[in-house]
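Structure assessment
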Amino acid sequence: MLKYFLNGNTMEKKYLLGNEALAYGLFEGGLEASFAYPGTPSSEITEKLVEISKEENIYIEWSINEKVSYENAYGVSLTGRRSCVIMKHVGLNVASDPFITSVYTGIIGGLVIIVADDPFAYSSQNEQDSRRYWQLAKTVCFEPSSIQESKNIAKFSFEFSEKIGLPVMIRSVTKLSHGKSDVLIGKRQKKIGDYGFKKNPSKFVMVPSNARVALKNLNEKQEIIKKEVEKLPFSKFEKGESNIGIVACGLTYSYVKEFVETEKKNSPIFKVSTYPLPEKKLKNFLESVNEIVVFEEGDPVAEEQIYIYSKIYNLKNKIYGKINNFTDKEGELSVDKVEETFYKIRGKKKKYYSFSIPERPPVLCAGCPHLGSFYILKKVFGKDALFPGDIGCYTLGVKLETIDTCLCMGAGISMGSGMSRFEKNNVVSIIGDSTFFHTGIPALINAVYNQANQVICILDNRTTAMTGHQPHPGTGINAKKEKTVEIELKKLISNCGVEDVIEVDPYKIKEAIEKIKGIKDKKGVKVIIFKRECIITSKGKKIQYYIDSKRCKGCKLCLTINCLAMSFKNGKAEIGILCNGCGMCENICPYKAIVKDEKKG
Amino acid sequence: MKKRVDILICGVGGQGILLTSNIIGIAGVEEGFSVRGTEIHGMSQRGGSVEAHIRLNCNYGPQIPYGKGDILIGFEPLEVARYSNYLKENGICVVNSYKIPIIGYEYDEKEIIKIIKRKTDKIYIENFTEKSKELGYVRCLNILMLGFASNFIPIKEESFINAINMYVKKEFVKINYLFFKSGRELYHL
């Protein structure tokens, strides 16, 4: 590895994912405890922390959900230690309850919230802009413009959080979290100071009388925040000669720089990496230009601030942005999008050569146990049943017509309860194991308590598959891959008052169908656990199957599993190289035409 | 100052695109380039269309602008067509001719070539999947293609080998060497 000398320190240069750089930043900043629930694009931060903190005594956990994560991290902070909580954008909705009020009370040890937004919704149910939570909570939000800056800000944020006495946010976006760059890595520093929780009820007990005082203090603190933000180097005014200035928030700064330097423009640039925006620097910038263009991913958050400041300082800049449709309101930005906006301002349109190629959407893996579960559910409940779904790989079941809704974590069960009150058809909620632990449990108890009439299917593939196979309470393994208590689903569900709870193997299709028929028409809440390890993590023997073409009658029944490895050629089924040897097709073939390839066993 | 080299790799989830881009990136950093790149994780990874960008000697953002890519390495012909807008005029295009079908969509290789040809004539098309099968390990298709494309990337052979050593699991290092070398030589045949 390459060594560099900077300010008298030896630094190492590594090729890192944005999320890995954030992990190094937290590590160097003196992190002592980290809490997270997996979610794309944020999951690799925790995984990298586990890897790099082996020598240090840092507490790292995968929590059951983001609210629980947040409260844990806040608890650590009140003992004087530096902690962080990591999540995807929608995770902050779950954690917003403790977050908002924790800004009222303030913190003791530095508390950093990393939120990874997903503009274009590559792997999410929405594109919400977490910077809105900065306004709601009245704290400080950082938005790095590069992967190196992600590391630098993560490191610095603990110190700053302690300085202003508030939890602080770092907003990342998909291309920053999953971008890669060479990054300079430094040494770990530790917080110096007192540890241990010191009782202070008027500060930490948010009864109404204390909350009213806390809000007043927080509002007064905004003036201190303004001054502190003004001193930070992250948001800055880069002078230029052109009359059109550019405001670039977070990663869009890199796009703007590339555009400006490639086009040899000499535009003044205002780089935004802190919210609130530094008012004095911004005023200088606005006064130096006639027109400005604002680039930011998500909502017009900085743009709205600029409108407000313009009004306060009576400035007359013409502003181009989302509000007047000069930049897109949805999706990501890029160098090309920046260029497009400048075309638009000049009243021109950029032409691209267009051709149509069909989309290649993501699909379930060959041999995925969910394929079996969906096949079974269709057979037993038919297509008239309602399938309120949830968040995970199994959401891809929408193409197999066995997922009818996807809203948010845990919603499938509660929505199903609501539907079941007024629908005549069977209501079959579908949820994954990790999602069930996340927010499914209260929904289940609610369904039992209020006597809903629904089937709840837990597709238990023994992992959090979609986000890269993180453990959860049902696996008996923790974030550091150590053994811990395993929460058994069947026991847990029985103890929630469910009388009809069965476990089936989605690979053993015929057997599962019979078992489910036995409880299908009972009244009340019925739970089916489809238990089978994810095909990616299963360490089973790698067997493959092939078609005995003499026996194959071309009935196409095997194709209804929708396995990626199965195709149909010249009137016969065919199994390709993708076969993972699950045997589901063998299980349903009426002609025994699907045979195990023993040689590869 | 060294020239910037923008490389785009595309294909279908599961073809080893992430690993290939990381080997180029690590090798680039080893040689002192500043490197930027992007990866695809999460839902889109599951058998969907996948792209990875690697930018050598770049201090900007991770994503290559349209029409600026110097080299396009495509593991699947239809995906090459899909991402061909990234390629610059007369850029280099290395294409695996082995198709991974999209259900309900038929297409002719000639149409694909036509789409790429409006950008460049420097097209190197081979059935790399078939070659990988002949070499005995179809899953190393990515390294075979990397070996071939490495002839156009300004990184030394030994830096690629070092990167493979650092990044690939120990038991697979040897087979990866073999595929890299075979790919590199294939260009000269």
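No experiment lies behind these values; they were computed from the predicted model shown.

Topic: the interface of chain B and chain A
Counting from both sides, the interface comprises 34 residues of chain B and, opposite them, 38 residues of chain A. When contributions to the side of chain B that touches chain A are tallied by element, the ones reaching two or more residues are α1 (17-30), β2 (35-38) and α2 (77-83) of chain B. In terms of residues, the side of chain B that touches chain A owes the most to one element, β2(B), which gives four residues. In terms of residue class, the side of chain B that touches chain A is made up of 15 nonpolar, 14 polar and five charged.

Quick word on the pairing of strand β6 (residues 123-126) of chain B
Residues and elements named next belong to chain B. Sheet topology places strand β5 (residues 87-96) next to β6; four bridges connect them, and they run parallel. Residue pairing across strands places Cys93 opposite Ile123, the latter belonging to β6. For the crossover from β5 across helix α3 (residues 109-117) to β6, the handedness is right-handed.

Let's talk about the environment of Gly389(A)
All names here are of chain A. Tracing the chain through its elements places Gly389 in the loop between α14 (369-381) and α15 (411-420). The class for Gly389 is buried, based on 27 C-beta atoms found within 10 Å. Measuring from C-alpha to C-alpha, the distance between Gly389 and Phe270 comes to 44 Å, with 119 residues separating the pair along the chain. The contacts of Gly389, once residues within four sequence positions are left out, are Tyr394, Thr395, Gly397, Ile403, Asp404, Thr405, Cys406, Gly412 and Ile430.

Focus on the sheet that holds strand β12 (residues 269-272) of chain A
Residue and element names in this part refer to chain A. Spatially, five strands are ordered β10-β12-β11-β14-β15 in an open sheet, and the strand pairing comes out mixed. The sheet is open, and its two borders are formed by β10 (236-238) and β15 (318-320), each paired with just one other strand. Taking the axes of each pair of neighbouring strands and ignoring which way they run, one obtains an average angle of 20° across the sheet. Relative to β12, strand β11 (residues 244-249) runs parallel, the two being bridged by four bridges. In the sheet register, Cys249 faces β12, and the bridge partner there is Val272. Sitting on the sheet, helix α10 (residues 252-262) is in contact with β11, β12 and β14 (291-295), with an inclination near 145° to β11.

Here is what the cut-offs are and how they apply
- Residues numbered from 1 in each chain as written.
- Chains lettered and ligands numbered in written order.
- Predicted model: local features only at pLDDT ≥ 70, side-chain atom pairs only at ≥ 80, totals over all residues.
- Contact = placed C-beta atoms within 7 Å.
- Helix = DSSP H or I, 4+ residues; strand = E, 2+ residues; numbered from the N terminus.
- Nonpolar A, V, L, I, M, F, W, Y, C, P; charged D, E, K, R; others polar.
- Pairing = 2+ DSSP bridges.
- Right-handed = clockwise from strand over helix to strand, strands pointing away.
- Buried ≥ 20, exposed ≤ 12 C-beta atoms within 10 Å, placed from the backbone.
- Axes fitted to C-alpha atoms, helices over the stretch in contact; angles between N-to-C directions.

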